[in-house]
Amino acid sequence: TIRALRRSLLAFDPDVIQCHLSRASCLGGAAGASLGIPVVAKTHNLVNPKYYRNVTKIVVTTKAQRNHLLQHGIKPERLRLIPNFCSIKPSPPKRNLSKEQGHFRIKSLGRFVKKKGFDNLLRATSFLKARSDWGLTLSLGGHGPELFDLQKLVEELDIAPQVEFCGWVENVSQFLADADLFVLPSRDEPFGIVILEAMASGVPILATKTQGPLEILDKTTGTFTSIDDPKQMAIDIENLLENDYRYTLASQAMARFEKFYTSEKVCERYCVLFRELAGEEALRR
């Protein structure tokens, strides 16, 4: 594979090689290093540094990922922190009429796997069902191997009237347009692009205290809840839905999104990195 990559690189004659994930970084890094071409690798989690030994610059998306690699002996000059981005056009927070109408709309989306914690969000919904003075609908967008188990849990908790499975969502901003609250219930979330999508869509956010959300948000832009604690999650959801301050948080989250996480802001940081590695003249060819 490395020999094949070398042949392709010699034919294409790139100034910089960009790799994603461990296998590509290992193979592309070896091919690039043998030809003297600088290699950039993008990580998406707490990675094993042995796969990145031939990479010139490792792009991490969070401080937690950076600290992980520093602790494993990677020199700081080989690291560059550049977050993920979201291409959704920012939309100002909408003050929905749900409170006056007595029915709130909670939304969440992602891949249906255990680490995403959708089972906990369903359990939290069962606690909220006990509220007699207002109703709610939980809309889940996405798909994955746990779909059947989640549907079964809905029946066991007797919350079928409150929950809808919307399938894979292509238009996220449209999906979130009428949401009163976006909830990210993950047990583990290295970054969380869905957080950026909610920020851009002007939706108030409740997220578990996981790696990505804790770095993207703070107490001025979102609200945090405990991991694997559905009862506390239900309490936090109820407190947010009863308090219009969530719209202030959403507005400040959008301002933060526009400052750091638009495609223009993030891509420019990559351009700066590529210029450093390849030089201005090479990138103008």
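Refer to the structure above for everything that follows.
Definitions and limits used
Residues numbered from 1 in each chain as written. Predicted model: local features only at pLDDT ≥ 70, side-chain atom pairs only at ≥ 80, totals over all residues. Heavy atoms only, no water. Pairing = 2+ DSSP bridges. Helix = DSSP H or I, 4+ residues; strand = E, 2+ residues; numbered from the N terminus. Axes fitted to C-alpha atoms, helices over the stretch in contact; angles between N-to-C directions. Buried < 20%, exposed > 50% of the residue type's maximum accessible area, 1.4 Å probe, protein only. Right-handed = clockwise from strand over helix to strand, strands pointing away. Core = buried A, V, L, I, M, F, W, Y, C linked by side-chain atoms within 4.5 Å. Contact = heavy atoms within 4.5 Å. Parallel < 35°, antiparallel > 145°, perpendicular 65-115°, else oblique. Left-handed = near helix turned anticlockwise from the far one by under 90°. Nonpolar A, V, L, I, M, F, W, Y, C, P; charged D, E, K, R; others polar.

**Some thoughts on the sheet that holds strand S7 (residues 163–165)**
Now for step 1: If you walk across this open sheet you meet the 6 strands as S7-S6-S5-S8-S9-S10, and the pairing is parallel. Only two strands of the sheet have a single neighbouring strand rather than two, namely S7 and strand S10 (223–225). Recorded for the sheet is a direction-independent mean angle of 25° between the axes of neighbouring strands.
Now for step 2: Judged from the 3 bridges that link them, strand S9 (residues 205–208) and S10 form a sheet pairing that is parallel. Residue Ala-207 lies in a different strand from S10, and its bridge partner there is Phe-224.

**Digging into the pairing of strand S3 (residues 57–60)**
Now for step 1: A two-sided burial pattern is seen for S3, the buried positions comprising Lys-57 and Val-59 on one face and Ile-58 and Val-60 on the other.
Now for step 2: Relative to S3, strand S2 (residues 39–42) runs parallel, the two being bridged by 3 bridges. If you follow Val-40 over to S3, its bridge partner there is Lys-57.
Now for step 3: The sheet contact formed by S3 and strand S4 (residues 79–81) spans 3 bridges and is parallel. Each residue of the ladder has a partner; that of Ile-58, found in S4, is Leu-79.
Now for step 4: A crossover links S3 with its parallel partner S4, the connecting element being helix H3 (residues 63–71), and its sense is right-handed.

**Observations concerning the nonpolar core**
Now for step 1: Counting residues in each nonpolar core, the largest one holds 26 residues, and the members touching the most others are Ile-106, Leu-122, Val-183 and Ile-237.
Now for step 2: Not counting residues up to four positions away in its chain, the partners in contact with Ile-237 are Ile-106, Leu-121, Leu-128, Leu-181, Val-183 and Leu-206.
Now for step 3: Among the nonpolar cores identified, the runner-up in size contains 25 residues, and Leu-109, Ala-179, Ala-207 and Ala-253 belong to it.

**Some points on the sheet that holds strand S1 (residues 17–20)**
Now for step 1: Judged by pairing direction, the sheet is parallel, and its 4 strands sit side by side in the order S1-S2-S3-S4 without closing on themselves. Two strands close off the open sheet at either side, each with one partner strand: S1 and S4. In this sheet, adjacent strand axes meet at a mean angle of 25° when their direction is disregarded.
Now for step 2: Pairing geometry for S1 and S2, over 4 bridges, is parallel. In the sheet register, Cys-19 faces S2, and the bridge partner there is Ala-41.

**What to know about the environment of Gly-28**
Now for step 1: Among the secondary structure elements, Gly-28 is positioned in helix H2 (residues 21–35).
Now for step 2: Accessibility expressed as a relative area gives 9% for Gly-28, which makes it buried.
Now for step 3: The spacing of Gly-28 and Gln-18 is 10 residues in sequence and 8.4 Å in space, taken between C-alpha atoms.
Now for step 4: Sequence-distant contacts of Gly-28, defined by excluding residues within four places in its chain, comprise Leu-5, Ile-17, Cys-19 and Val-39.

**Focus: the packing of helix H5 (residues 118–128) against helix H10 (residues 230–241)**
Now for step 1: Running from amino to carboxyl end, H5 crosses H10 at an angle of 60°, the nearest separation of the two axes being 8 Å. Between H5 and H10, the angle is such that the two are oblique. Judged by the twist between their axes, the crossing of H5 over H10 is right-handed. Here Asn-120, Leu-121, Arg-123, Ala-124, Phe-127 and Leu-128 of H5 come into contact with H10, specifically with Pro-230, Lys-231, Met-233, Ala-234, Ile-237 and Glu-238.
Now for step 2: Broken down by class, the residue content of the contact of H5 with H10 amounts to 8 nonpolar, 1 polar and 3 charged.

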